[in-house]
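# Examination of the molecular architecture
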Amino acid sequence: MSILLGLRMAFAGGRESLARMALMGVGVAIGVPLILVALSALPILQSHVDRLAWHRTTAASPPTAPDHALWLAVTDRYAGHDIIRVHVAPLGSRPPVPPGVERLPGPGEKLVSPALAELMRTVPDDQLDNRFPGRVAGSIGPDGLVMPDELVAIIGHTPEQMRAMHGATEIQGIEQPGIRLDLAGLWGIFFGMIAVLVIGPVVVFVAMTTRVGGARRELRFAAVRLAGATRLQTAVLAATETALAALAGTLLGWLAFLLLKPVVASRVTLGHGMPIFADDVVVPLVPLLVVLLGVPLIAVGTTLLALNPVQITPLGVRHRARRRPPGLWRLTPIAVGLAGTWLSVYVSNDPQNADFPTLVRVALQLVFMVSLLSTLVGFFLAGAWVCMWISRGMARLSRSASTLIVARRIAADPYSTFRMVGGAAIAIYVATSLGFAVAANEQPGRADNQSLLAPGRPPLDPGVVAVHVQGAPDAALAPLMSDGVVVARLAPGPQIVVACTELARVTDLDCPLPVYREGVPFGQEFLRAEDMFTLPYPNPSSADRIFQPMTFAEPGPDADLLPIQTLLIPTDGTPAAQERIRTLAAVAVPLSRNKTSEDLTAEPLLDLTLFASVLPYATVFILLFTACSLTVSVIAGILERRRPFALLRASGVRIGELRRIVLLETGAPLALTVLFGVGLATVQSLATIPPKDWILPSGEFFAGLGVGVLAAFAVSLTALPFMDTATRLDTVRFE
């Protein structure tokens, strides 16, 4: 009965109650999709690992079919994109079959992904199609692709042809999914923190929404208590309205997440430059249920906390004691967070600590993340302290009664003032921190001196193709040999044997040959040369022999007897010429891998520039959520003080002055707390970014954030005309 009565009271409350429920539903509907997107990040990464499983097939893979097959998988390149070439030959009528296809291609046949089939139709055969001999006999389905636009080909051969291929192995099965994502726990903490940070604004928004018409609701529930209702019954009545709005908002948010999945998938590339499958954007059942049930419960809990004064004193005679002003100790978490951030970054970037074990590096990353969280919590706590000083400054500088009224009101409760504008300030703080990171990563010359985020500039001269033949017979290399080709051989060690004068002809390396020197910054020549010969580069396949040279040496008398590791082949520099060399290499030595200067271009392990594409969406989120929060705050402030405002108006205060009071008590704390957030983000960037790399974000970036906040503030002012209705003289007579 209490629930039914609560529903009746919710819908019988007039436009005020309906507006409150609508605002609450909208706020929850905005927050839920963001929470679900954050929680889908880890499943997306795990799905990526699972889809890559069959590319990791080796002779040691468990059996998945009665018969065996010969197998050679290589990661090739075309125009900056990876191409997976899989050469197969069945050794029976029932060989193992990769996902996405029904059978292995026979001799003279090939199966290609839809994207590769489309690409081959637009490119000359000698640049691409000739790498995959045979006719197209079918397509590879989505189950066999990492992403819809992945370039994959499965090429059929006879067993005799495969046995003659250098590097081919006999397999008994296709590697199956099951490998857990590396550091899954750490990634889970990271994305969980993002979800929690999104839940925070939702809770604040719900709390502010419950304030709309709060005084009238308190009177209504106090009357119910005086009529004999128990504390539990009153709580049920109050929670029913919130639960109804929160449930509706949660369902709308879930539907919005389902509709936004293709959009999210189109923005996630996982370093491949191609969007993922929309079906991979999922939230596991348990986290999904926690969100769908937990968000309404949090909203109900917030409402019950707001109802607590009525539960305690239904007669409305509670003493409104002045709260203790916030102390300086609220800045302590900020100081601790900044110190922890600086220490973890300093220790991680020190070249002398490059040999730290993995466990220590994980611990440093955890310290870094906890320090960031401590700084954010400190910002929450310090906001009220900042608002207190805002009130003191306004009181000292006030030249009008309206400014003094605003100063006294903020001083009476700086905590509520910061809750009103804190969402915008925190959003600006996060966006500014991200802007500093992106600016530092994009500044000119950074690639030459950044170690952990990116290697140095590529050593290969433009137009040179480095073909790693990995010890293939000299006879097979005849199509690749021509004047100007530099031959690098492999000696035990492993050691690259090549003439320095020859190497300098196709690279920017100088003689003598580079030597590793302990303690030299990561931009040293040795590591640049080592990167040129290292295998594999991103997206390795089962055919790759993980290789990294330890030293370089000049050729000796018997150097011609050593196996060839790499051919450095110069071209005229045109993309077509480089692709023709790749095609010749794929035909002559199917096992070969190749690199160009474009493939070696510095690509950070932590690509902060990817965040740049997120900034516009972050700005939109700031605009939308801040506009809703500020609008609700303005409406709630007017309704809470409609009688005092009406009395002031009846005593001769102009309606414009009343609106100015509301404008100042929202605008002044908003402007100064936003500046506080920008300042804190600036200090934090100085603690995390080396001085030589620190740079201010562009003026357009700050202008975009400023325009977003101003637009949100302007939207909130649409509630000011409500002041005229709320302060009519009948408010004085009947209340």
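Scroll up to find the structure.
Overview of the structure.

Cut-offs and rules
- Residues numbered from 1 in each chain as written.
- Predicted model: local features only at pLDDT ≥ 70, side-chain atom pairs only at ≥ 80, totals over all residues.
- Heavy atoms only, no water.
- Helix = DSSP H or I, 4+ residues; strand = E, 2+ residues; numbered from the N terminus.
- Buried < 20%, exposed > 50% of the residue type's maximum accessible area, 1.4 Å probe, protein only.
- Contact = heavy atoms within 4.5 Å.
- Areas by Shrake-Rupley, 256 points an atom, 1.4 Å probe, with all protein chains shown as cover.
- Phe/Tyr/Trp six-rings, centres within 6.5 Å; stacked < 30°, edge-to-face > 60°.
- Axes fitted to C-alpha atoms, helices over the stretch in contact; angles between N-to-C directions.
- Parallel < 35°, antiparallel > 145°, perpendicular 65-115°, else oblique.
- Left-handed = near helix turned anticlockwise from the far one by under 90°.
- Nonpolar A, V, L, I, M, F, W, Y, C, P; charged D, E, K, R; others polar.
- Pairing = 2+ DSSP bridges.
- Salt bridge = Lys/Arg side-chain N within 4 Å of Asp/Glu carboxyl O.
- Expected span 1.5 Å × (residues − 1).
- Arc of directions from axis to C-beta.
- Disulfide = S-S within 2.5 Å.
- Patch = residues over 30% accessible without salt bridge, like charges linked within 9 Å, V, L, I, M, F, W, Y side chains within 5 Å.

Moving on to the overall build of the chain. Looking only at helices and strands, the chain features 23 helices and 12 strands. The proportion of buried residues among the 735 residues of the chain is 47%. Summarising the internal contacts of the chain: among those between residues at least 6 apart in sequence, 82% fall at separations of at least 24. When the accessible surface of the chain is summed, it comes to about 34100 Å², and 66% of that surface belongs to carbon and sulfur atoms.

What follows covers the packing of aromatic side chains. Across all of its chains, the model carries eight aromatic pairs by this definition. When the ring of Phe379 is compared with that of Tyr429, the centres are 5.5 Å apart and the planes differ by 15 degrees; the resulting orientation is stacked. Placement of Phe379 in helix H11 (residues 358–397) and of Tyr429 in helix H13 (residues 414–442) is noted, with a sequence separation of 50 residues between them. Of the two residues, Phe379 and Tyr429, neither departs from the other in class, the shared state being buried. Centre to centre, the rings of Phe379 and Phe676 are 5.3 Å apart; their planes meet at 10 degrees, and the pair counts as stacked. With Phe379 in helix H11 and Phe676 in helix H20 (residues 655–688), the pair connects residues that are 297 residues apart, well separated along the chain. Judged by relative accessible area, which is 23%, Phe676 ranks as partly exposed.

This part covers the packing of H20 against helix H21 (residues 699–716). Interhelical geometry of H20 versus H21 gives an angle of 160 degrees and a closest axis separation of 11 Å. Relative to H21, the element H20 lies roughly antiparallel. Judged by the sense of rotation from one axis to the other, the crossing of H20 with H21 is right-handed. Together, Leu663, Thr666, Gly667, Leu670 and Val678 of H20 and Phe702, Val709 and Phe713 of H21 make up the contact between the two elements. Residues that form the contact of H20 with H21 fall into these classes: six nonpolar, two polar and no charged.

The next subject is the sheet that holds strand E2 (residues 81–90). With respect to topology, six strands assemble into an open sheet ordered E4-E3-E5-E2-E1-E6, the strand pairing being mixed. Two strands lie at the open edges of the sheet, namely strand E4 (135–139) and strand E6 (169–171), each paired on one side alone. Taking the axes of each pair of neighbouring strands and ignoring which way they run, one obtains an average angle of 30 degrees across the sheet. Two strands pair when backbone bridges link them, and strand E1 (residues 69–78) and E6 are joined in this way by three bridges, in the antiparallel orientation. Paired with Leu70 across the two strands is Glu170, which belongs to E6.

Next up on the list: the pattern of salt bridges. Scanning all chains against the criterion turns up 17 salt bridges. A salt bridge links Asp129 to Lys110; the shortest N-O distance between them is 3.5 Å. In this pair, Asp129 sits in the loop between helix H4 (114–120) and E4 while Lys110 sits in strand E3 (residues 109–112), placing the two residues 19 residues apart along the sequence. We classify Lys110 as buried; its relative accessible area is 1%. Where salt bridges share partners, they join Asp76, Arg77, Asp82, Arg85, Arg131, Glu579, Arg582 and Asp599 into one cluster.

Turning our attention to H21. End to end, H21 covers 26 Å across 18 residues, agreeing with the expected 26 Å (1.5 Å per residue, within 8%). Of the positions making up H21, those classed as buried are Phe701, Leu705, Gly708, Val709, Ala712, Phe713 and Ser716. For H21, the angular spread of buried residues about the axis comes to 130 degrees, placing them on one side. For H21, the exposed residues set more than 90 degrees away from the buried face come down to Gly699, Glu700, Val707 and Leu710.

Before going further, it helps to spend a moment on the sheet that holds strand E10 (residues 551–553). Read from one edge to the other, the open sheet built from six strands follows the order E10-E9-E8-E11-E7-E12, with strand pairing classed as mixed. Looking at the sheet topology across the chains shown, the edges are occupied by E10 and strand E12 (593–595). Neighbouring strand axes in the sheet, compared pairwise and without regard to direction, differ in orientation by 25 degrees on average. Sitting on the sheet, helix H16 (residues 525–533) is in contact with strand E7 (464–468), strand E8 (486–491), strand E9 (495–497), E10, strand E11 (564–570) and E12, with an inclination near 90 degrees to E10.

Before going further, it helps to examine the state of the cysteines. Inspection of every chain in the model, using the stated rule, returns one disulfide. The disulfide partner of Cys500 is Cys511, and the S-S distance across this bridge is 2.0 Å. What sets the handedness of the Cys500 and Cys511 disulfide is the S-S torsion sign, and at about -125 degrees it is left-handed. Residue Cys500 is found in helix H15 (residues 500–506), and its partner Cys511 is found in the loop between H15 and H16; the two are separated by 11 residues along the sequence.

For the rest of this paragraph, the subject is the pairing of strand E5 (residues 151–156). Of all six residues in E5, six are buried; the element is thus mostly enclosed. The alternating pattern of E5 places Leu151, Ala153 and Ile155 and Val152, Ile154 and Gly156 on opposite faces, both of which are buried. Bridge count for E2 against E5 is six bridges, and the pairing is parallel. Within E5, the residue paired with Val86 across the bridge is Ile154. For E3 and E5, the ladder comprises three bridges, and the chain directions are antiparallel. Within the sheet, the bridge partner assigned to Val112 lies in E5 and is Ala153.

For the rest of this paragraph, the subject is a nonpolar patch on the surface. There is a patch of nonpolar side chains on the surface, built from Leu251, Leu252, Trp254, Leu255 and Leu258 and spanning about 460 Å² of accessible area. Considering the arrangement of structural elements, one finds Leu258 in helix H8 (residues 231–267).

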